[in-house]
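Notes for the structure review
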Amino acid sequence: MTRLDRYVLSKLMALFGFFALVLVSVYWVNRAVMMFDSLISDGQTAAVVLEFTALTLPYVIRIVLPVAAFAATIYAVNRLDQDSELVVMRATGTSNWRLGRPVLVFGLIVSLMMAVLVNFLVPAAKARLADRQQQVSQNMTAKFLTEGTFQHPASGITIYIRRISDLGELYDLFLSDRRNPKAHTIYTSEKALIVKTETGPKLIMFEGMAETLRPDTGRLEVTRFSNFTYDIGSFLSGGKARKPNLDEMMTPELLKGGAAIAALGEGVEPRVTLELARRIAQPLLAPIAALIGFAALMMGTFSRFGMWRQMTLAIGGLIFVQVLQNAAESATNRDPTLWPVLFVPTVGGAVIALFMLWWSGRPRRIRVIREGTA
């Protein structure tokens, strides 16, 4: 790379770091606040909230990087124009195609970052997040054991606990089970404990009563007990082994195949191909976004009002590429065999950028206004 390329590239990378940091912070904080409300309301600790929000960070970065590359390119080129550096570069005979080389290199660097994210970091973070969510769902205290409130952990199940001791003892328990339409049962006990067994968690109640109402006959059956075991694992899915999704597997695992993919059932091959194609297509959007921003700002002539028209054109081009991407995602979600459609946004964006660069490099006619004599 020449000194000119390194100079432009250094400006692009510095601005890219700034915009990426700002956009990631805004997007991540927004997601973290929503997750904070959900987890704290479920009784989770601050450490769990911090871990969950940290695991969403790779996905957030993957979304933000193309936008940050586009914003950095727009700002850098506009700054070069305002400082008259762009005029000097053009005056030395440097064409727009030549000026686009450091922008392309910059886009490829961002694309490499995205490739590492979508092929390794994002799947690993999703898998870890799914595992931790399952572990949290198995935590009975965080699931529904909240003092002084009626909880509904499953359809037809209502639980109320007056007090929970530091040792995990449940005092004054109320449990209503209306899952069976032929028998509605209410359990009450002075004290209860949750015990983990090989077949799942069990609720052991002491000194209580079971009242069963049979709607078909209208009879109420009352049974008093000194201790009673209730299977709470019957309405909780925490004990089942979780099958990983395709988006939770790293790319080498998808290419290698194996038992994990075979366990997903028949007809999984088109979905694997679709996932691999998606991981190839997504990083390519970063250089396309940067080139569209650069090519749009190269169009037009000098104006004392700035480059707002070119910026509007650049934003319109980026929106068009995003519309293509949304349409491609919708089509491939309906039919995985249409995976080549995922590359349409990249091709369309490249055509737009190349056309704008060609248009900006065309020779322009200068109109000469001749003054008539009186």
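Whatever comes next refers back to the structure up there.
We now turn to the structure provided with this report. (Residues numbered from 1 in each chain as written. Predicted model: local features only at pLDDT ≥ 70, side-chain atom pairs only at ≥ 80, totals over all residues. Heavy atoms only, no water.)

Let us now look at the overall build of the chain. Across its full length, the chain holds 11 helices and six strands. Sequence-distant contacts in the chain: of pairs separated by 6 or more residues, those separated by 24 or more amount to 62%. Carbon and sulfur atoms make up 61% of the accessible area of the chain, which totals about 21600 Å². (Helix = DSSP H or I, 4+ residues; strand = E, 2+ residues; numbered from the N terminus. Contact = heavy atoms within 4.5 Å. Areas by Shrake-Rupley, 256 points an atom, 1.4 Å probe, with all protein chains shown as cover.)

Across its 27 residues, helix α10 (residues 308-334) extends 39 Å between first and last C-alpha, which sits within 8% of the 39 Å expected from 1.5 Å per residue. Looking at the buried residues of α10, the elements they touch are α3 (57-82), α9 (269-298) and α11 (344-360). (Expected span 1.5 Å × (residues − 1).)

In total, this model carries 14 salt bridges according to the counting rule given. Here Glu 51 and Arg 128 are joined by a salt bridge, their closest N and O atoms 3.3 Å apart. Of this pair, Glu 51 sits in helix α2 (residues 46-55) while Arg 128 sits in helix α5 (residues 96-138); the two residues are 77 residues apart in sequence, bridging distant segments of the chain. Given the relative accessible area of 39%, Arg 128 is considered partly exposed. Put simply, Arg 279 and Glu 275 hold a salt bridge, and the shortest N to O gap is 3.1 Å. Here Arg 279 and its partner Glu 275 are both found in helix α9, four residues apart, which amounts to about one turn of the helix. Comparing Arg 279 with Glu 275 shows no difference in burial state: the two are buried. Via salt bridges that share partners, Glu 275, Arg 278, Arg 279 and Glu 329 belong to a single interconnected network. (Salt bridge = Lys/Arg side-chain N within 4 Å of Asp/Glu carboxyl O. Buried < 20%, exposed > 50% of the residue type's maximum accessible area, 1.4 Å probe, protein only.)

Grouped together as the largest cluster of nonpolar side chains are 48 residues, with contacts concentrated most on Phe 16, Leu 65, Leu 86, Phe 106, Val 110 and Phe 294. Elements with a minimum of two residues in this core: α1 (3-41), α3, α4 (85-91), α5, α9, α10 and α11. If you look at the next biggest cluster of nonpolar residues, it comprises 15 residues, including Ile 164, Leu 170, Leu 173 and Phe 225. (Core = buried A, V, L, I, M, F, W, Y, C linked by side-chain atoms within 4.5 Å.)

Further remarks concern the packing of α9 against α11. Running from N to C, α9 and α11 cross one another at 20 degrees; their axes reach a closest spacing of 9 Å. As far as their axial angle goes, α11 and α9 are roughly parallel. By crossing handedness, the relation of α9 to α11 is classed as left-handed. Along its contact with α9, which presents Ala 281, Leu 284, Leu 285, Ile 288, Leu 291, Ile 292, Phe 294, Ala 295, Ala 296 and Met 298, the element α11 presents Pro 345, Thr 346, Gly 349, Ala 350, Ala 353, Met 356, Leu 357 and Ser 360. Residue composition of the contact of α9 with α11, by class: 15 nonpolar, three polar and no charged. (Axes fitted to C-alpha atoms, helices over the stretch in contact; angles between N-to-C directions. Parallel < 35°, antiparallel > 145°, perpendicular 65-115°, else oblique. Left-handed = near helix turned anticlockwise from the far one by under 90°. Nonpolar A, V, L, I, M, F, W, Y, C, P; charged D, E, K, R; others polar.)

On to the packing of aromatic side chains. Applying the stated rule across the entire model yields 11 aromatic pairs. Here the aromatic rings of Phe 225 and Phe 228 are separated by 5.4 Å at their centres, their planes lie at 40 degrees, and the arrangement is tilted. With relative accessibility at 12%, the residue Phe 225 sits in the buried group. Pairing Phe 355 with Trp 358 gives two aromatic rings, centres 5.9 Å apart and planes at 40 degrees, and the pair type is tilted. Placement of both Phe 355 and Trp 358 in helix α11 is noted, with a separation of three residues, approximately one turn of the helix. Taking the relative accessible area as the measure of exposure, Phe 355 reaches 46% and is therefore partly exposed. An aromatic cluster is defined as three or more aromatic residues linked by ring pairs; in this entry it consists of Tyr 187, Phe 225, Phe 228 and Tyr 230. (Phe/Tyr/Trp six-rings, centres within 6.5 Å; stacked < 30°, edge-to-face > 60°.)

Geometry only, nothing functional implied.
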